[in-house]
Amino acid sequence: MIVVFTGGTGGAKLVQGLHQVVAPEQLTVIVNTGDDLEWWGLHVSPDIDSVLYALAGMLSKDRGWGVGGDSFRCLERMKELGQQSWFSLGDLDLATHLTRTAILRSGKSLSEATAELAAKMGIREHVLPMSDDRVSTMLGTAHGTLTFQEYFVRERHQVEVRAVRFVGAEQARPAPGVTDSIEHADAVIFAPSNPVTSIGPILAVPGIRQALRKCSVPVIAVSPIVGGAAVSGPAGKLMEMMGWPCSISGVAKAYEDFLDLLVVDKADECEAERLRSGSLRVECTRTIMRSDEDKRVLAQFVLRQLTESRVAAALH
């Protein structure tokens, strides 16, 4: 079984690549829920939805989020009625949130709601929220404390961030199946997601980081930083705020207590050579995913590194 940690658009792209080359029953995806929000009275799980849409072949190729070909008539009408409209929900996307909210209000957990939605979309992979408990990513900024979506969408991540907190994480528990999947995995892959706000909330849930430290199989991360800059979004600025360089070295620092192998772009070959002087294995390839073929090729490269890791371990 391959276990993937993910959040954000880069993570969904790698999940799409793995979907092409891994049997669905052998793929478990653990997803960030620190970005979840209540919008128009509905429970919205943006990262879970991106993974579900990616696996169902519904994800918008143009936007990287939401349903492909969606319309936004409800959003336009809500704006006309004086409702908040800075967070865009498409009309087909809205059906997902209505269904999730109804399932949750019936007394079921986020894990159960996610499993039901996946089944309705014909998804056979295992998609797990990081926790059924509410964890909210909150950012201390020059404009006060903002939720992640207020920072990322409303403010277009243009305000200075001074601190990041994962409110509720200390009391949260991993969702059913999360730590078991790590324990029984053949390999663990960290998608090219923002280490601070996409992966950070997952690792903040007690028990998850500890399970990774005890993990006896290879743990691989694909860097979201290419050539000293984030492929998209505010990852670079947030990493520097955390005291990590905006580089592949910063990604290695974020995961240093459990990481075995870092996959980086060829643009970072020089820095990769410096990192190799330590105990971390670093491999270079093309990591920018612009097409389905790019996603498949990167997924295959990562899986080949797993095979080589197993061979090397057997020889020793």
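Criteria and cut-off values
Residues numbered from 1 in each chain as written. Predicted model: local features only at pLDDT ≥ 70, side-chain atom pairs only at ≥ 80, totals over all residues. Heavy atoms only, no water. Helix = DSSP H or I, 4+ residues; strand = E, 2+ residues; numbered from the N terminus. Rg over C-alpha atoms; globule rule 2.2 N^0.38 Å. Buried < 20%, exposed > 50% of the residue type's maximum accessible area, 1.4 Å probe, protein only. Contact = heavy atoms within 4.5 Å. Areas by Shrake-Rupley, 256 points an atom, 1.4 Å probe, with all protein chains shown as cover. Lys, Arg positive; Asp, Glu negative; His and termini not counted. Charge placed at Lys NZ, Arg CZ, Asp CG, Glu CD. Pairing = 2+ DSSP bridges. Axes fitted to C-alpha atoms, helices over the stretch in contact; angles between N-to-C directions. Parallel < 35°, antiparallel > 145°, perpendicular 65-115°, else oblique. Left-handed = near helix turned anticlockwise from the far one by under 90°.

The next point concerns the overall build of the protein. Helix and strand counts for the protein come out as 13 helices and 14 strands. Its C-alpha atoms give the protein a radius of gyration of 19 Å, within 12% of the compact-globule value 20 Å for 316 residues. The principal-axis extent of the C-alpha atoms belonging to the protein is close to 65 × 45 × 40 Å. Looking at the protein as a whole, 53% of its 316 residues are labelled buried. Pairs at least 24 residues apart make up 67% of the contacts formed inside the protein by residues separated by at least 6 positions. Accessible surface computed for the protein: about 14000 Å², of which carbon and sulfur atoms make up 50%. Averaging the coordinates of the 32 positive side-chain charges in the protein and doing the same for the 38 negative ones gives two points 2 Å apart.

This paragraph deals with the sheet that holds strand 7 (residues 144–147). Reading across the sheet, the 3 strands line up as 7-6-8 and stay open at both edges, with antiparallel pairing between neighbours. Single-partner strands in this sheet number two, and they are strand 7 and strand 8 (161–167). When strand polarity is set aside, the average angle formed by the axes of neighbouring strands in this sheet is 25°.

Viewed as axis vectors pointing N to C, helix 1 (residues 8–21) and helix 2 (residues 46–56) meet at an angle of 30°, and their least axial separation amounts to 9 Å. Taken together, helix 1 and helix 2 sit at an angle that is classed as roughly parallel. Judged by the twist between their axes, the crossing of helix 1 over helix 2 is right-handed. Two secondary-structure elements touch here, helix 1 through Gly8, Ala12, Val15, Gln16 and His19 and helix 2 through Asp47, Ser50, Val51, Ala54 and Leu55.

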